[in-house]
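# Inside the fold
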Amino acid sequence: MSKFSLLVARDLRLALRQGGDAAMVIGFFVLTVILFPFGVGPEPQLLQRIAPGIIWVTALLAALLSLERLFQADYEDGSLEALVLLPLPLEAQVLAKCLAHWLVTGLPLTLVAPLLGLLLHLDLAGYPALVLGMALGTPILSLLGAIGAALSLGARRGGVLLSLMVLPLYIPVLIFGVAAVEAESAGLAARPHLLLLAALLLAALALVPFAAAGALRQAVE
Amino acid sequence: MFRLANPNRFMNWSGKLLPWCAAATAILLGLGTWLALFVAPPDYQQGEAVRIMYVHVPAAWMASFVYAVMAISSAVALIWRHPLADIAARQSAPLGAGFTLVCLVSGSLWGKPMWGTFWVWDARLTSVLVLFFLYLGYIALVNAFDEPTRGNRAGAILALVGAVNLPIIKFSVDWWNTLHQPASVFRLGGPTIAASMLWPLLIMALGFTLFFVTLLLLRMRSALMAAKLRALRIQQSQSLAA
C-alpha cells in the first residue's frame with residue numbers, strides 16, 4: 001500500500017471508529033432541510049421552486065460543520081507534527097485528508113440529497129443534475145475547507161472564524177450547483193453548469209494543496 | 001524595497017512624508033467635496049442625488065484597490081519575509097473594509113431615490129458585499145492568534161487565496177445574476193460622463209487614494225511603535241526579575 005492510501009485508510013478508520021461523524025453530518029443535513037417546510041409553509045409549488053437552493057445551502061453548512069475535524073484532532077494530539085516529517089509531501093497529505101473527509105461527509109451528502117429532493121417535491125428532471133452537481137461540488141467544499149481548517153488551527157474561536165473565512169469562498173459552488181438543477185427543471189441543459197463545477201474542482205485540486213500545506217507548515221512551526 | 005525594509009529607516013522617511021500626505025489629502029478632499037457639491041451640475045435625470053456618486057465611486061475603486069495592496073503585500077511577506085509587508089497587509093485590511101462599507105452604504109442610500117429600494121441583488125452589489133466579508137474574514141483571522149506573527153502568516157495565505165478566488169466569485173455572481181434578472185439596473189450614466197462631472201470625480205478619487213496612504217502610514221507607524229513598546233516592556237520586566 002502506498003503512503004497516500006495508508007493515510008487515507010488511517011483517516012477513514014479514525015472517522016469510522018470514533019463514530020458518528022458521517023451520521024452527524026447527515027443528521028444535521030436532513031434535520032435542517034426538514035425545518036424549511038415549517039418555516040415557509042407546506043405548499044408543494046413553493047417548495048419545488050426553492051428545493052435546489054435549500055438542499056445546496058444546507059449541504060454547504062453541513063460540510064462546513066464537519067471541517068473542524070479535518071486537522072484539529074491531529075493538531076491537538078501532536079500527530080500533525082509527525083505527519084509533517086513523513087517522506088510524503090505535505091501537499092499530497094492534504095489531498096489524502098481531503099479525500100478521506102469527502103468520503104465520510106461529501107459522499108453521504110450526495111447520496112442523501114435525492115431523498116431530500118423527494119421530500120421537497122423537487123422536479124423529476126432535476127435529480128441527475130442534483131446528484132452530479134453534488135458529486136462534483138462537495139469535493140470542492142472539502143478542498144476549500146481544508147485551507148480554512150488549516151489556517152484556523154490554534155486560533156481562538158476557531159469555529160465561527162472558519163465559517164467567516166470559508167463561506168464566501170463557497171459562493172461559486174452554490175451558484176453553479178443550484179443553476180444546474182434549475183436549468184434541468186426549466187428544460188435547459190445542465191451541462192455548462194456541471195462543466196464549470198468540474199473546472200472549479202480541477203482548479204481546486206491543483207491549487208488548494210499548496211495553500212493548505214503552506215497553512216499547515218506555519219501552524220506547526 | 002529591501003533598503004526601505006529596515007523599520008528604523010521606515011520610521012524616518014514615513015515621519016517626514018506623513019504631514020505632506022495629510023496636507024495633500026485635506027486639500028484634495030476639500031477641493032473635491034466643494035467641486036462635487038457646488039460646482040458639478042446636477043444630473044438631468046437623477047437630479048441632485050447624483051452627487052452621492054462622488055463618494056460612492058471612489059470608495060468602490062478603493063475597495064478593490066486596497067484588496068490588491070493587501071494581496072501584493074501578503075505575497076511579498078510570504079516570499080521575502082519582508083517585515084514591513086506583513087504590517088502593511090495587516091494594517092490595510094480595516095481600511096479596505098471601511099471603504100467597502102462606505103461604498104455599500106452610500107450605494108444603498110443612492111439606490112433608494114433612484115431605484116426605489118435600498119438593496120438590489122445586482123451582480124456588482126453582490127460582489128462588493130462578498131468582498132466585504134472577505135475583508136472581515138481576514139481581519140478575524142489575523143486577530144485570532146496570541147502571537148501576532150502567526151496571525152500575519154495565516155492572514156497572508158488567506159489574502160492570496162482570496163485574491164485567486166475573487167475573479168471566480170465575480171464571474172460566478174455575474175453568471176448567477178444574468179440567470180435571475182435579465183437586465184442590470186446598475187448603469188452609471190452610460191460610458192460617457194460629462195467632463196464637468198469627471199473632474200470632481202477624479203479629484204475625489206485621488207483624494208481617497210492619498211487618504212488611504214496617509215492612514216496606512218499612520219497605522220503602520222503606530223503598529224511598529226506598539227511592537228517596540230512591547231519589546232521594551234518585556235526587556236524591562238526581565239531586568240527587574242534579574
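This one's a predicted model, so the numbers in the text were calculated from it and none came from an experiment. (Residues numbered from 1 in each chain as written. Chains lettered and ligands numbered in written order. Predicted model: local features only at pLDDT ≥ 70, side-chain atom pairs only at ≥ 80, totals over all residues.)

Here the focus is the overall build of chain B. Scanning chain B from terminus to terminus reveals six helices and zero strands. Helices (α) and strands (β) of chain B occur, in sequence order from the N terminus, as α-α-α-α-α-α. Across its three principal axes, chain B shows a C-alpha extent of roughly 75 × 40 × 30 Å. For chain B, with 242 residues in total, the buried portion stands at 36%. Put simply, of all contacts in chain B between residues at least 6 apart along the chain, 79% involve residues at least 24 apart. (Helix = DSSP H or I, 4+ residues; strand = E, 2+ residues; numbered from the N terminus. Buried ≥ 20, exposed ≤ 12 C-beta atoms within 10 Å, placed from the backbone. Contact = placed C-beta atoms within 7 Å.)

In terms of helices and strands, chain A carries nine helices and zero strands. At 18 Å, chain A has a C-alpha radius of gyration in line with the 17 Å of a compact globule built from 221 residues. Counting over 221 residues, chain A shows a buried share of 50%. Partitioning the intrachain contacts of chain A with sequence separation of at least 6 by distance along the chain shows that 82% fall at a separation of at least 24. (Rg over C-alpha atoms; globule rule 2.2 N^0.38 Å.)

Residue-level contacts link 22 residues of chain B with 21 residues of chain A. Elements with a minimum of two residues in the side of chain B that touches chain A: helix 4 (123–142) and helix 5 (148–180) of chain B. For the side of chain B that touches chain A, the element with the highest residue contribution is helix 5 of chain B, accounting for 13 residues. Among the residues making up the side of chain B that touches chain A, the classes are represented as 18 nonpolar, three polar and one charged. (Nonpolar A, V, L, I, M, F, W, Y, C, P; charged D, E, K, R; others polar.)

Bringing helix 7 (residues 127–151) of chain A into the picture now. Helix length check: helix 7 of chain A (25 residues) gives 36 Å between terminal C-alpha atoms against 36 Å at 1.5 Å per residue, within 8%. Across the 25 residues of helix 7 of chain A, 21 count as buried, placing the element largely inside the fold. (Expected span 1.5 Å × (residues − 1).)

In a pair of packed helices, the angle between the axes and the distance between the axes together describe the arrangement. All names here are of chain A. Closest axis-to-axis distance for the helix 2 (residues 21–40)/helix 6 (residues 90–119) pair is 9 Å, and the angle between their directions is 35 degrees. You can see that helix 2 and helix 6 cross each other, and the crossing is right-handed. Each of Asp 21, Ala 22, Val 25, Ile 26, Phe 29, Val 30 and Val 33 in helix 2 lies in contact with helix 6, whose residues at this interface are Val 104, Thr 105, Pro 108, Leu 109, Val 112 and Leu 116. Its residues placed into classes, the contact of helix 2 with helix 6 shows eleven nonpolar, one polar and one charged. (Axes fitted to C-alpha atoms, helices over the stretch in contact; angles between N-to-C directions. Left-handed = near helix turned anticlockwise from the far one by under 90°.)

A word on the nonpolar core. By size, the foremost hydrophobic cluster in this structure holds 139 residues, and its most contacted members are Ala 59, Leu 144, Ala 146, Ile 147, Ala 150, Ala 212 and Ala 215 of chain A. Residue assignment places this core across two domains, with domain 1 (94–183) and domain 2 (200–231) of chain B each supplying three or more. In this structure Ala 215 of chain A touches Ile 147, Ala 150 and Leu 151 of chain A together with Ala 154 and Ile 157 of chain B, once residues within four positions along its chain are discounted. (Core = buried A, V, L, I, M, F, W, Y, C linked by C-beta atoms within 7 Å. Domains from an automatic or database assignment.)

Right, let's talk about the confidence of the model for chain B for a bit. All names here are of chain B. This prediction gives chain B a mean pLDDT of 85; 91% of its residues lie at or above 70. Across chain B, helix 2 (residues 53–80) holds the top mean pLDDT of 91, while helix 5 sits lowest at 84. A low-confidence stretch, residues 181–191 stays under pLDDT 50, and its non-local contacts, those more than four residues away or across chains, total eight contacts. On the interface metric, ipTM, the complex scores 0.87, and its pTM is 0.88. (pLDDT = per-residue confidence, 0-100.)

This part takes up the environment of Gly 30 of chain B. Along the polypeptide, Gly 30 of chain B turns up in helix 1 (residues 7–39). Sequence separation between Gly 30 of chain B and Ile 87 of chain B is 57 residues; the distance between their C-alpha atoms is 30 Å.

Although it is not a glycine, His 121 of chain A sits at a positive phi angle of roughly 60 degrees. The residue His 121 of chain A is located in the loop between helix 6 and helix 7 in this model. In this structure, Arg 81 of chain B takes a positive phi of about 55 degrees despite not being glycine. For Arg 81 of chain B, the location among the structural elements is in the loop between helix 2 and helix 3 (83–115).

This part is about the environment of Leu 67 of chain A. Residues and elements named next belong to chain A. Mapped onto the elements of the fold, Leu 67 is located in helix 3 (residues 44–67). Accessibility expressed as a C-beta count within 10 Å gives 26 for Leu 67, which makes it buried. Along the backbone, Leu 67 and Ala 186 are 119 residues apart, and their C-alpha atoms lie at a distance of 34 Å. Setting aside chain neighbours within four positions, we find Leu 67 in contact with Gly 145, Gly 148, Ala 149, Leu 162 and Val 166.

The next subject is the packing of helix 8 (residues 158–185) of chain A against helix 9 (residues 191–220) of chain A. Residues and elements named next belong to chain A. Relative to each other, helix 8 and helix 9 sit at 155 degrees, their axes nearing to 8 Å. Taken as axis vectors, helix 8 and helix 9 run roughly antiparallel relative to one another. The way helix 8 lies across helix 9 gives a crossing that is left-handed. Together, Pro 172, Val 173, Phe 176, Gly 177, Ala 179, Ala 180 and Ala 183 of helix 8 and His 193, Leu 194, Leu 196, Leu 197 and Leu 200 of helix 9 make up the contact between the two elements. For the contact of helix 8 with helix 9, the residue count by class is ten nonpolar, two polar and no charged. (Parallel < 35°, antiparallel > 145°, perpendicular 65-115°, else oblique.)

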